[in-house]
Amino acid sequence: MAAAAVDSAMEVVPALAEEAAPEAAGLSCLVNLPGEVLEYILCSGSLTAADIGRVSSTCRRLRELCQSSGKVWKEQFRVRWPSLMKHYSPTDYVNWLEEYKVRQKAGLEARKIVASFSKRFFSEHVPCNGFSDIENLEGPEIFFEDELVCILNMEGRKALTWKYYAKKILYYLRQQKILNNLKAFLQQPDDYESYLEGAVYIDQYCNPLSDISLRDIQAQIDSIVELVCKTLRGINSRHPSLAFKAGESSMIMEIELQSQVLDAMNYVLYDQLKFKGNRMDYYNALNLYMHQVLIRRTGIPISMSLLYLTIARQLGVPLEPVNFPSHFLLRWCQGAEGATLDIFDYIYIDAFGKGKQLTVKECEYLIGQHVTAALYGVVNVKKVLQRMVGNLLSLGKREGIDQSYQLLRDSLDLYLAMYPDQVQLLLLQARLYFHLGIWPEKSFCLVLKVLDILQHIQTLDPGQHGAVGYLVQHTLEHIERKKEEVGVEVKLRSHEKHRDVCYAIGLIMKHKRYGYNCVIYGWDPTCMMGHEWIRNMNVHSLPHGHHQPFYNVLVEDGSCRYAAQENLEYNVEPQEISHPDVGRYFSEFTGTHYIPNAELEIRYPEDLESVYETVQNIYSAKKENVE
């Protein structure tokens, strides 16, 4: 009977939504239903927000059911933006209609800004102040982030340019928030020993688009602790650690009881869960990210030590971090409480080496050198994070394929957040900005990022005058060039000087010699590189030398290259090119080729027609032959 009433009412609701003045009989049929049935109908998902607005204007009964803080508008909000519901407490009073309006407005503003980025920043990296529009927007930041995530999650191979810039904006917003949290964390007293929390901030900053939280990582560690307790119960069913409650920080003082915990930990971590030091791929940044250490069950000495340390302390074993050269260690005190201790009163634990317990001599043997007693001392959270970021910085300097140097940029930001007066790193950051061409939109502005950095360096160390002067000179020259820049260079295939250009932007190509797959995003009628590049790349050895068209290509390995026409051929089995900058130049992948976005098409206005002809001749003919 109730089901029949609902079905009957569902037939009436669309009419109410469409007609400004519904017939009295239909309205009476609806409003006479029980309140819970009416609410069920209005929350069924078949009505849009506009429908709810029209329904609520028909009579007092429906207006009361559709009150702004009620279940109907809450359901509208939940269905439209489900990921936002985690930010609301069930006990809070929320004006859901107002939240809906604010979220809707934030989404429109976010999309407007994303749409403007391609035109503003197509020819250069997004500058230092390029995100000022986002920073100045009113409304909750989580609403803007949610809209950017919605853009990134758009299905299919379309809207590539939107996704490209949405990703950059979201990357920036989250990094700024994480960096502020890290700076606040670093202001904690020296005895604040949440090593895991600091490591998670580093992980989040380097992976801002991943869903990483201290709560989730702690939950995974808690599950490991439960396994250790299960094993520990088999060793000693009355062990005091088994009585610890979540969040307790009690420490066990008896060495034998501590030893039982470490034995149980070693069994669970290394035998049962198969954690191990990553000797095969040691120089991989993933080894330093705590969420990846837990997923992949491998890491390097410092990340494995932080995991080991966190578990041990939760179970009452007061291990301490040791910033040992070349191999991070933990130390376990064997001396009596209150006694004067030296380095020989500790056992040193190698979490990278399956929890092996070492003497002082064995530690020196581990790294192949004698070290002073000071290097066996405990270090605070900030020093541990400095070591982690220093490792990332070293890896960032080794980057070869990633021409955006994202890891280097991230690790520099983190290091300078902890130690803002490191002159050499400030110089490196300035050179990096200069190399990548990351300039503010109005580069003549006195707040130019590079000049700010250089001025700070000069204040810290006047001895760097030569390096600072060189970079200042080139920065000012860049400002003058920006002032003199003319309009966009347009390349017409029909022009006489371009008659030898065979390929067009958007085509998927294969390199004849090296075999890599790539997509063309630009071309020149002849090689436009300098004499040194031509000599180093041995271009003169090519049959046509440098007097032939050259193409800018995005390669599947993430690199950008400049290839001679005679070295390229059509890829008879075209596939998407997994390159981070594809969206900067193209709006869609069709399955055979990429379609240029508006900005690239302005620069090569006749190429798209050529692409269509090529696709018709190459791929359509192939399909017919197969059939």
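Residues numbered from 1 in each chain as written. Predicted model: local features only at pLDDT ≥ 70, side-chain atom pairs only at ≥ 80, totals over all residues. Heavy atoms only, no water.

Going by an unreviewed UniProt entry, the protein carries the name F-box protein 21 and comes from Monodon monoceros.

Trainee: Please provide a residue-by-residue account of the sheet that holds strand β3 (residues 320-322), values included.
Mentor: Strand pairing in a sheet relies on backbone hydrogen bonds, with the paired strands running either antiparallel or parallel. Taking strand neighbours across the sheet as the criterion, the 4 strands line up as β3-β4-β5-β6 in an open arrangement whose pairing is antiparallel. Every other strand in the sheet has two partners, leaving β3 and β6 (356-358) as the edge strands with one partner each. Ignoring which end each strand starts from, the neighbouring axes of this sheet average 40 degrees apart. Both strand β4 (residues 329-333) and strand β5 (residues 346-350) contribute to a ladder of 4 bridges, which runs antiparallel. Bridge pairing links R331 to Y348 in β5. Its contacts with the sheet place helix α13 (residues 255-272) against β4, β5 and β6, and it is angled at close to 150 degrees to β4. (Pairing = 2+ DSSP bridges. Helix = DSSP H or I, 4+ residues; strand = E, 2+ residues; numbered from the N terminus. Axes fitted to C-alpha atoms, helices over the stretch in contact; angles between N-to-C directions. Contact = heavy atoms within 4.5 Å.)

Trainee: Could you give an account of the packing of aromatic side chains, naming the residues involved and the relevant values?
Mentor: Here the distance between the centres and the angle between the planes together describe a pair of aromatic rings. All chains considered together, the criterion is met by 27 aromatic pairs. Measuring from centroid to centroid gives 6.4 Å for F77 and F143, while their planes differ by 50 degrees, and the two rings are tilted. Taken together, the residues span a long stretch of sequence, with F77 in helix α6 (residues 71-80) and F143 in helix α9 (residues 141-152) at a distance of 66 residues. Across this residue pair, the class does not change: F77 and F143 are buried. Taken together, a centroid distance of 4.9 Å and an interplanar angle of 55 degrees make the contact between Y88 and W96 tilted. On the accessibility criterion, W96 (6% relative accessible area) is buried. (Phe/Tyr/Trp six-rings, centres within 6.5 Å; stacked < 30°, edge-to-face > 60°. Buried < 20%, exposed > 50% of the residue type's maximum accessible area, 1.4 Å probe, protein only.)

Trainee: Explain helix α18 (residues 406-418) to me, and be specific about the residues and the numbers.
Mentor: Over its 13 residues, α18 runs 19 Å from end to end, which matches the ideal 18 Å to within 8%, given 1.5 Å per residue. In terms of burial, α18 is a largely internal element, 10 of the 13 residues being buried. Within the sequence span of α18, burial applies to L407, L408, D410, S411, L412, L414, Y415, L416, A417 and M418. (Expected span 1.5 Å × (residues − 1).)

Trainee: Please set out the pattern of salt bridges residue by residue, giving values where relevant.
Mentor: Counted under the stated rule, the structure contains 15 salt bridges. Notably, a salt bridge pairs E147 with R103, separated by 2.8 Å at the nearest N-O pair. Of the two residues, E147 sits in helix α9 while R103 sits in helix α7 (residues 96-121), which places them 44 residues apart along the sequence. Residue classification places E147 among the buried positions, given a relative accessible area of 7%. According to the relative accessible area criterion, R103 is buried, its value standing at 1%. The residue E141 makes a salt bridge to K177 at a minimum N-O spacing of 3.9 Å. In this pair, E141 is assigned in helix α9 and K177 in helix α10 (residues 160-186), connecting sequence segments 36 residues apart. Overall, the relative accessible area of 35% leaves E141 in the partly exposed class. One network of salt bridges, with partners in common, ties together R103, R111, D146 and E147. (Salt bridge = Lys/Arg side-chain N within 4 Å of Asp/Glu carboxyl O.)

Trainee: How would you summarise the packing of helix α11 (residues 195-206) against α18 if you had to cite specific residues and measurements?
Mentor: To describe two helices that pack against each other, one gives the angle between their axes and the distance between the axes. For the pair α11 and α18, the least separation of the axes is 10 Å and the interaxial angle reads 145 degrees. The chirality of how α11 crosses α18 is right-handed. Between α11 and α18, the contacting residues are I202, Y205 and C206 on the first element and D410, D413 and L414 on the second. Residue classes in the contact of α11 with α18 are distributed as 4 nonpolar, no polar and 2 charged. (Left-handed = near helix turned anticlockwise from the far one by under 90°. Nonpolar A, V, L, I, M, F, W, Y, C, P; charged D, E, K, R; others polar.)

Trainee: How would you summarise the pairing of strand β7 (residues 508-511) if you had to cite specific residues and measurements?
Mentor: Relative to strand β8 (residues 517-524), β7 runs antiparallel, the two sharing 3 bridges. Paired with K510 across the bridge in β8 is N517. Connecting β7 to the next strand, β8, in antiparallel fashion are 5 residues, including G515 with a positive phi near 75 degrees. As paired strands, β7 and strand β11 (residues 568-570) are joined by 3 bridges and run antiparallel to one another.

Trainee: Pulling in residues and values, what's your account of a nonpolar patch on the surface?
Mentor: Together, V488, V490, L492 and I602 make up an exposed nonpolar region whose accessible area comes to about 300 Å². Within the fold, I602 resides in helix α24 (residues 598-603). (Patch = residues over 30% accessible without salt bridge, like charges linked within 9 Å, V, L, I, M, F, W, Y side chains within 5 Å. Areas by Shrake-Rupley, 256 points an atom, 1.4 Å probe, with all protein chains shown as cover.)

Trainee: Got a sec to walk through the sheet that holds strand β9 (residues 550-555)? Specific residues and values, please.
Mentor: The strand order β10-β9-β8-β7-β11 describes an open sheet built from 5 strands, whose pairing is antiparallel. Single-partner strands in this sheet number two, and they are β10 (560-564) and β11. With strand direction ignored, the average angle separating the axes of adjacent strands in the sheet is 50 degrees. The sheet contact formed by β8 and β9 spans 6 bridges and is antiparallel. Looking across to β9, one finds that V519 is bridged to L554.

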